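# An overview of the molecular structure
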Amino acid sequence: SRRTMSRAMGLVGLLLGLVVVPAVLVSTNLRRGAPRTETEPEPSGWELAADAVPEDSLWPLPQWVRTYPRQLQLAPSRFQLVHGAGSSAGPGCGLLQDAFRRYYEYMFGHSRWRTRGRRPLAARAEPELFQLQVVIEAGDPGCDRHPQLTSSEAYHLTVTEPVAILKAYEVWGALRGLETFSQLVHEDDYGSFLVNESEINDFPRFAHRGVLLDTSRHYLPLKSILTNLDAMAFNKFNVLHWHIVDDQSFPYQSIYFPELSDKGAYSSNLIYTPTDVRLVIEYARLRGIRVIPEFDTPGHTQSWGKGQKDLLTPCYKGRQPTGSFGPVNPIWNTTYDFMTKFFKEISSVFPDELIHLGGDEVDFSCWKSNPEVKEFMKKQGFGTDYAKLESYYVQNILDIVSSYNKGQMVWQEVFDHKAQLKPDTVVQVWMANNYAHELSSVTGAGFTTVLSAPWYLDYISYGQDWKKYYSVEPLNFPGSEKQKKLVIGGEACLWGEFVDATNLTPRLWPRASAVGERLWSSSNVTNLQDAYKRLTNHRCRML
Amino acid sequence: AENEPSWETPCSELLIYVSTPGCDGFPSLDSKEDYKLSISRGSMLLSAETVWGALRGLETFSQLIGRDESGTYYINETEIVDFPRFPHRGLLLDTSRHYLPLRAILETVDVMAYNKFNVFHWHIVDDPSFPYESSTFPELSKRGAFNAMTHVYTASDVRTVIEYARLRGIRVIAEFDTPGHTLSWGPGAPGLLTRCYVGKAPSGIYGPINPIVNSTYQFVTSLFQEVSTVFPDSFLHLGGDEVDFTCWKSNPEIRAFMKEMGFGEDYKKLESFYIQRLLHIVSSLGKGYIVWQEVFDNDVKLRPDTIIHVWKENSMQYLNEVANVTRAGYRALLSAPWYLNRISYGQDWIAAYKVEPLDFAGVPEQKALVMGGEACMWGEYVDVTNLTPRLW
């Protein structure tokens, strides 16, 4: 019932109930085939091929899987996902309660099981599986926390009669395990829900497994973002890199600087209010997904200038301003006053430990044209090396953000142009040309890095391009063991120049699934035929 | 003020005048789609020779209506005289590689109307699946569809599509592609497909339709009899593309037949033998036909009224093909540069837009044989989850 759904959302207030309920309905509709308007009961299971083995349904492939031929049946009216004895989490753990309901629906559908006929189970040979018990082992399960880079996502799943046990150190591992368990449950030709006896030991190869969404080139309605968070959870992604503003539009409604979106958004309804942002963060959190916002400066900031006068550099032709503007003005104190206040807000709105500061593709021509900037360059002794000016700016921003106890992520240019980074700044490698070399350089200099270069999913092409994303080996670069450890993961990027709500989901999925497995599964999971088999099953299940 | 539009008294009706009756008929290749639109103070008139022209004019009229900042609907004084450059403007959907539910087809037909397309080329069956429910041969879809209960087009579905299209001035041309692209026909029609051989024994694999047995022609006659009745358009698309000769070559009975007929090693002659009989069958059912270009390329003897569908794209050579086809006196349809299933990054609509179908060396009589073209959305990687944003 609707009331139950609202209550179960935990932290989300009653006011959000109206927004939340449709979102929850969307999330479950995505998983099971019924289109939005049909009223007949949704088909609840999906069927494997006749000669399939249970592993044929798993994506990403767990680190260690053992399945047995013995099958157990599940009766939807009786089967329960519960907290196990000795778990540090209990009914007060909203995150797990929400997950239990969500995964029950994924496995069995919304169908009105109570009204279905009860045929005695004795008619079947298989024993019944009554429960999946979830046991969280850490003293502090993490129910009310936000996931972090160092969160544990490991889990151990034992499926045997009469109860299956899912053990995880923290709730994040339980979420991953629930997804895997739901992938093992299948329907036979007669509609019976079955699961093979199995044992799974699993943990991610990389801790940072992200998807970048761009909401500036095209506004993405909340529903789109939430649907994608659901899809990410099916694929065990754990980072939403929200490239929220850019040149084209500024949809982020700032509390301190409301003019930014008033003047910079495409229109007054194409914005993300503080409530929207909180909803995305919470929806993600309940799926073990971090939300890392990116406020890209000093380039990619045209839309900022609409609502914030004197932030951007006026471009000149000779001695006259042309009327157009370039990157953020790095020489005025007002710039840093603004950034100090702005990032104070961002630091409090977004709970993640990291903020992405951008720093890519800064076009120096406007700076070069501006006489005040040229004067400044002279005074600072930068000569004609504008990369130094960029670094000067970036370092100031890094300091500002650091002072709010946030870590920073930057695009590779910031490193390439030799800005002085903090030791824990994360460098995101995106330029496709010779990215292995870049990985060597970045890790060689001691910085942690996230790889995106081979995974620009906005670059569509004909045919099964998932294979080329799958075949990437992130650690294939010259470097020591120590260096390789600095590669904390990667991100599939879906830039928004040609993407909006009408085509986002089919463009991103299941292609991003290939990246998901590459980042979770073991490095020796590379067989394309096996991947194809599992991916086709997984894709149909995601629909 | 000088620059303000002058608001006239509100317009209350668009008068539509159609000179030739024909509301209950079907559009055809020869249908006139001309219309005139005259919007002036006091009167809005849409006049067309046929209802099909009126439909085109209504679409244009709907595009002229604007809405100002306060929400007021308005329309400028306008004079439009319009008619299509090409009479055959089609879109191909492939419902065999992936089944497309009825709503996807109907939605596509709606958007076709927004864009003044007038032919829906329904590539309804192929190797992977046979979703067409045949009343004469129910086993075809029972055994050949991805799921005989859910992934089929019933007779009622087909009627729905045809009528929905008709109401939008869109012809439905069904394609039952033979003799290749027919693997899904095999399970429901035993003996129809050629058994491939490895040495002296059948390999268990099947190939194109078997062209040497009478049962094939009996089957084809019955099937096309049904198809000709079900689909009212004067044309059927008979396919004929990508016939792989290896299976035929491996089959000893066929080799014997080739010898008997004096075809030597030229299997194009065997293909020709089949196609000619097929064309004769279809012709005697009173239908015209469209075939893919291989049928022309392989020197099959064709009837002069055959329409050749040019689809092979190897760096602009397709215009040469159009030139050859029209020089030989056949009418042509162009699809080669418009394979929209071949997606690529960025604004690829520009490349499609820049195509000039008549940009080949030829006399005016030849150019007049180019009937138009079709955008093709082959279904290998397309289903209802991504069809609409990929196509439009």
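The residue numbering used here restarts from 1 in each chain and proceeds along that chain's sequence as written. Naming scheme: in the order in which they are written, chains are lettered from A and ligands are numbered from 1. Since the coordinates come from a predicted model, pLDDT governs what is reported: local features require at least 70, and pairs of side-chain atoms require 80 or more to be given and counted, while whole-chain, interface and lining totals use all residues. Working from all heavy atoms in the structure, the side-chain values ignore hydrogens and water.

Per an unreviewed UniProt entry, the recorded name for chain B is Beta-hexosaminidase subunit alpha, and the organism is Falcunculus frontatus. UniProt positions are given in the numbering used here, feature names are shortened, and annotations may be inferred rather than shown by experiment. What the UniProt record of chain B gives under Sequence similarities (unreviewed entry) is the line "Belongs to the glycosyl hydrolase 20 family." Recorded under Subcellular location (unreviewed entry), the UniProt text for chain B is reproduced unchanged: "Lysosome".

The name an unreviewed UniProt entry assigns to chain A is Beta-hexosaminidase subunit beta, from the organism Falcunculus frontatus. The record in UniProt for chain A states the following under Sequence similarities (unreviewed entry): "Belongs to the glycosyl hydrolase 20 family."

## Concerning the overall build of chain B
In terms of helices and strands, chain B carries 13 helices and 16 strands. Our radius of gyration looks at C-alpha atoms and nothing else; its globule reference is 2.2 Å times the residue count to the power 0.38. Expected size for 392 residues packed as a compact globule is a radius of gyration near 21 Å; at 24 Å, chain B falls within 12% of this value. Viewed in the frame of its principal axes, chain B has a C-alpha envelope of about 90 × 50 × 45 Å. Here chain B holds 392 residues, and the buried ones make up 51% of them. Numbering of helices and strands runs from the N terminus; a helix is a DSSP stretch of H or I covering at least four residues, while a strand is a stretch of E covering at least two. Summary of the burial criterion: residues with accessible area below 20% of their type's maximum are buried, those above 50% are exposed, and those between are partly exposed, where the area comes from a 1.4 Å probe applied to protein chains only.

## Considerations on the UniProt feature "domain: Glycoside hydrolase family 20 catalytic" (unreviewed entry) in chain A
The UniProt record annotates "domain: Glycoside hydrolase family 20 catalytic" (unreviewed entry) at residues 206-522 of chain A. Between the end C-alpha atoms of residues 206-522 of chain A the distance is 9 Å, and the span holds 39% helix and 19% strand.

## Things to note about the interface of chain B and chain A
On the chain A side, the residues contacting the 14 residues of chain B number 15 residues. Defined here as a combined quantity, buried area equals the accessible surface (1.4 Å probe) lost by two parts on assembly, summed across both. Of the roughly 1,300 Å² buried between chain B and chain A on both sides combined, carbon and sulfur atoms contribute 64%. Together, I343, Y345 and Y381 of chain B form the three largest contributors to the area buried by chain B at its contact with chain A, with a combined 45%. A carboxyl oxygen of Asp or Glu within 4 Å of a side-chain nitrogen of Lys or Arg is what we treat as a salt bridge. At the junction of chain B and chain A, the tally comes to one salt bridge. The salt bridge involving D383 of chain B is made with R539 of chain A; its shortest N-O contact spans 3.0 Å. N or O atoms within 3.5 Å of each other form a polar contact, as long as, within protein, one can give a hydrogen and the other can take it, and as long as residues adjacent in sequence are counted only when both atoms are side-chain atoms. The interface formed by chain B and chain A includes four residue pairs in polar contact (both at pLDDT 80 or more). Only heavy atoms matter for contacts: two residues are in contact if any of them lie within 4.5 Å across the pair.

## Topic: the sheet that holds strand 6 (residues 78-82) of chain B
Residues and elements named next belong to chain B. A pair of strands is labelled paired if DSSP reports no fewer than 2 bridges between them. Pairing is mixed in the open sheet, where four strands are placed in the order 1-3-2-6. Of all strands in the sheet, those bounded by a partner on one side alone are strand 1 (14-18) and strand 6. Ignoring which end each strand starts from, the neighbouring axes of this sheet average 10 degrees apart. Of the strand pairs in this sheet, strand 2 (residues 35-40) and strand 3 (residues 43-48) are connected by six bridges, and their pairing is antiparallel. Orientation is described by lines fitted to C-alpha atoms, with helices fitted over the stretch in contact, and by angles between N-to-C directions that extend from 0 to 180 degrees.

## So, the pattern of salt bridges
Residues and elements named next belong to chain A. In the structure shown here, the tally under the stated rule is 37 salt bridges over all chains. A salt bridge links R217 to D214; the shortest N-O distance between them is 3.0 Å. Note on accessibility: R217 and D214 belong to one class, buried. Its salt-bridge partner being E353, residue R290 comes within 3.6 Å of it at the nearest N-O pair. Taken together, the residues span a long stretch of sequence, with R290 in strand 10 (residues 290-297) and E353 in the loop between helix 9 (333-349) and strand 13 (354-358) at a distance of 63 residues. For E353, a relative accessible area of 29% puts it in the partly exposed group. Several salt bridges converge on common partners, so that one network encompasses D214, R217, D246 and E497.

## Examining unusual backbone geometry
P162 of chain A follows E161 of chain A through a cis peptide bond whose omega is -5 degrees. With respect to the helices and strands, the residue P162 of chain A is situated in the loop between strand 4 (155-159) and strand 5 (163-168). In this chain, T178 of chain B is followed by P179 of chain B through a cis amide linkage whose omega measures -5 degrees. Mapped onto the elements, P179 of chain B comes out in the loop between strand 9 (171-178) and strand 10 (193-198). Notably, E361 of chain A is not glycine yet its phi reads approximately 45 degrees, a positive angle. What makes E361 of chain A partly exposed here is its relative accessible area of 45%.

## Brief notes about the confidence of the model for chain A
A score from 0 to 100, pLDDT tells how confident the predictor is in each residue. Looking at chain A, pLDDT values average 90 and 88% of them are 70 or higher. Taken together, the stretch residues 1-46 of chain A has pLDDT below 50 and engages in 86 contacts with residues farther than four places along the chain or on a different chain.

## Thoughts on the confidence of the model for chain B
Detailed reading of the predicted model is not advised wherever pLDDT is low. Mean pLDDT over chain B: 95, with 97% of residues reaching 70 or higher. This complex was scored by the predictor with a pTM of 0.90 and an ipTM of 0.89.

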